[in-house]
Amino acid sequence: MASLTDIEDMIARMAIGDRHALSALYAATSAKLFGIALRVLDDRSEAEDALQEIYVKLWHNADRYRSNGLSPMTWLITVTRNHAIDRLRARRGRATAPIEAVSELADGAPNPEESALAASMRGRIGACLQTLPPDRAEAICRAYLGGEAYADLAERYRVPLNTIRTWLRRGLLTLRECIGS
Amino acid sequence: MSGWGLDHDDDSALAAEYVLGLLAPEEAASVERRMAEDAALRDLVRDWTEQLATMTDDIPAIEPPRPLQDRVMRRLFPETDARPSLLQRWGIWPLLLGGVVTAGLVVLALDPGLIRRGTGAPEYAARIAAEDGSLVVEASFDRDEGRLEVRRIAGTIPQGRDLELWLVRLQDSTTTSLGVLPRDEAGVITVRADLIPEFENNALALSDEPLGGSPTGQATGEVVALGTITPR
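Residues numbered from 1 in each chain as written. Chains lettered and ligands numbered in written order. Predicted model: local features only at pLDDT ≥ 70, side-chain atom pairs only at ≥ 80, totals over all residues.

(A) Fine view of the overall build of chain A. Helices and strands together make up the secondary structure of chain A, namely nine helices and zero strands. Starting at the N terminus and walking to the C terminus, you meet the elements of chain A as α-α-α-α-α-α-α-α-α. In chain A, buried positions account for 44% of the 181 residues. Sequence-distant contacts in chain A: of pairs separated by 6 or more residues, those separated by 24 or more amount to 60%. (Helix = DSSP H or I, 4+ residues; strand = E, 2+ residues; numbered from the N terminus. Buried ≥ 20, exposed ≤ 12 C-beta atoms within 10 Å, placed from the backbone. Contact = placed C-beta atoms within 7 Å.)

What follows is the structure, encoded as structure tokens:
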């Protein structure tokens, strides 16, 4: 399997127009990203269309990857997840904010120490989600992998939007404390 | 520590809400406007993006259908001849190796004089070459020991890439990896016992792959050289 450094290198070469780097990135990551698109969209042919669009998008945005400060897999996963969620929402016909801003969210790459810290926290979120009340953990998963916004969750749980927001923000802060501890 | 009071909590929760896509459009837009100016908020968004992405760790990887990569390439580079790589078009191999003229590759018959003899006489040999001679690898195979000696006599292995050696079965156009070509000019590849009988009348090919070889078990890069295996 390609290492994170290999993937970073592929993205850097894509940024200068190296098509072989795109092929290499596809070989190294398409199964992972297809798995995510399929999970979100739950429809094989739509996930296939989405995956094509995702690699087109990765090619066009590779030159902006450096400036967003994310680890390479996080960038790929986030572009994939956001694209799949946008498609899912379009299918549902609900007007919600498109989540497309990943390429421009930060300046300055993380220093190696920050990167190592981020790497060491991988996997922790699962354990931390389990410390939350199950309905809050479920709501967070529904948002991340199901594209449900507050309005959808309020409808689903039959509570006013402000109530669900207060409830979920508390859950998110507990989650952050658990992750950070 | 200043900045870690309620405001920070508020912004941390806001950043999480933004990354999760919970917010209504106008509120998400206002977060984006603030991010343009507020480095601390950008950091919070980045941290949450990293954390929440790990929610996909347990999602199993699933191979997309093979033609999808070609569709991506055709979509991005419609002006070029988007023929799939030869290794993806196994169907034409028997024709290729039968000597039908084709662009891109030339199969060179073995020149026995080029193969260096080891202690035991190799029983099969191949000259795996690029059309323009920019890469030539000679291989000799000792069937008794399952020992494939390879010697790169022209060309280099690209920086940050590996060349992977494939056994190509001409009957059904399937392939099996024999491993990556050693970076040294000469080296030995040990061939799995079950593959030894398959060397007869088949071919060897080299493809350009990420370091460590193709992650998929199929060639992913360009076929850079190929050659038939001939008995000695």
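After that view, the rundown keeps rolling.
(B) Inspection of the overall build of chain B at higher detail. Across its full length, chain B carries five helices and eight strands. Moving toward the C terminus, one meets the helices and strands of chain B in the order α-α-α-α-α-β-β-β-β-β-β-β-β. Across the 232 residues in chain B, those meeting the buried criterion constitute 38%. Intrachain contacts of chain B at a sequence separation of at least 6 include 60% that bridge at least 24 residues.

(C) Region of the structure containing the nonpolar core. Counting 69 residues, the largest nonpolar core has L25 and A37 of chain A together with A15 of chain B as its most contacted members. The dominant element in this core, judged by the number of residues it contributes, is helix α2 (residues 19-41) of chain A, at 14 residues. For A15 of chain B, the contacting residues outside a window of four places in its chain are L41, L44, V45 and W48 of chain B. A126, V150, A203 and V223 of chain B belong to the second-largest nonpolar core, a separate cluster that totals 31 residues. (Core = buried A, V, L, I, M, F, W, Y, C linked by C-beta atoms within 7 Å.)

(D) Summary view of the interface of chain B and chain A. Contacts between the two partners involve 50 residues from chain B, matched on the other side by 59 residues from chain A. Those elements that place two or more of their residues in the side of chain B that touches chain A are α1 (6-20), α2 (25-37), α3 (39-53), α4 (67-76) and β7 (203-210) of chain B. A total of nine residues in the side of chain B that touches chain A trace back to one element, the largest contributor, which is α3 of chain B. Considered class by class, the residues forming the side of chain B that touches chain A number 27 nonpolar, 12 polar and 11 charged. (Nonpolar A, V, L, I, M, F, W, Y, C, P; charged D, E, K, R; others polar.)

(E) Spatial organisation of the environment of E17 of chain B. Residues and elements named next belong to chain B. Within the fold, E17 resides in helix α1. When the 22 C-beta atoms within 10 Å are taken as the criterion, E17 is described as buried. For E17 and V45, which are 28 residues apart along the polypeptide, the C-alpha to C-alpha distance reads 9.3 Å. Ignoring any residue separated from it by four or fewer positions in sequence, one finds E17 in contact with L22 and L23.

(F) Representation of α2 of chain A in the model. All names here are of chain A. Between the first and last C-alpha of α2 there are merely 28 Å, a value that for 23 residues lags more than 12% behind the 33 Å anticipated at 1.5 Å per step. The sharpest bend along α2 measures roughly 55 degrees and falls at T29. α2 sits mainly inside the fold: 19 of its 23 residues count as buried. Looking one or two places after α2, you find D42, whose phi comes out positive at around 55 degrees. (Expected span 1.5 Å × (residues − 1). Bend = angle between axes of the 7 residues up to and from the residue.)

(G) The arrangement of the pairing of strand β8 (residues 223-231) of chain B in detail. All names here are of chain B. Extensive coverage of β8 is indicated by the burial of seven of its nine residues. Inspection of the sheet shows strand β1 (residues 124-129) paired to β8 by four bridges, in the antiparallel sense. Within β8, the position partnered with A126 by the bridge is I229. The pairing of β7 with β8 spans five bridges and is classified as antiparallel. Within β8, the residue paired with A205 across the bridge is L226. (Pairing = 2+ DSSP bridges.)

(H) Examining the confidence of the model for chain A more closely. In this model, chain A carries a mean pLDDT of 84, and residues with pLDDT of at least 70 account for 82%. Across residues 100-122 of chain A, confidence stays below pLDDT 50; counting only partners more than four residues off in sequence or on other chains, it has 36 contacts. (pLDDT = per-residue confidence, 0-100.)

(I) Layout of the sheet that holds strand β6 (residues 186-190) of chain B. Residues and elements named next belong to chain B. On the basis of which strands lie adjacent, the open sheet formed by eight strands has the order β5-β4-β7-β8-β1-β2-β3-β6 and antiparallel pairing. Two strands close off the open sheet at either side, each with one partner strand: β5 (175-180) and β6. Strand after strand, the sheet turns through a mean of 25 degrees between neighbouring axes, direction not considered. Here five bridges tie strand β4 (residues 161-168) to β5, and the two strands are oriented antiparallel to one another. Following the sheet pairing, W166 is matched in β5 by S177. (Axes fitted to C-alpha atoms, helices over the stretch in contact; angles between N-to-C directions.)

(J) Structural view of the pairing of β1 of chain B. Residue and element names in this part refer to chain B. Burial runs high along β1: six of the six residues are buried. The alternating pattern of β1 places Y124, A126 and I128 on one face and A125, R127 and A129 on the opposite face, and all of these are buried. Where β1 and strand β2 (residues 136-142) come together, six bridges link them in antiparallel fashion. Within the sheet, the bridge partner assigned to A129 lies in β2 and is V136. What sits between β1 and β2 in their antiparallel hairpin is a turn of six residues, with G133 showing a positive phi close to 75 degrees.

(K) Region of the structure containing the packing of helix α8 (residues 150-157) of chain A against helix α9 (residues 161-180) of chain A. All names here are of chain A. Running from N to C, α8 and α9 cross one another at 105 degrees; their axes reach a closest spacing of 9 Å. Our classification of the angle between α8 and α9 gives roughly perpendicular. Here Y150, A151, L153, A154 and Y157 of α8 come into contact with α9, specifically with L161, I164 and R165. (Parallel < 35°, antiparallel > 145°, perpendicular 65-115°, else oblique.)

(L) Highlighting helix α7 (residues 134-146) of chain A. All names here are of chain A. Within α7, burial applies to A139, I140, A143 and Y144. Buried positions in α7, seen along its axis, are confined to an arc of 125 degrees and lie on one side of it. Within two residues after α7, G147 carries a phi angle of roughly 70 degrees, on the positive side. (Arc of directions from axis to C-beta.)

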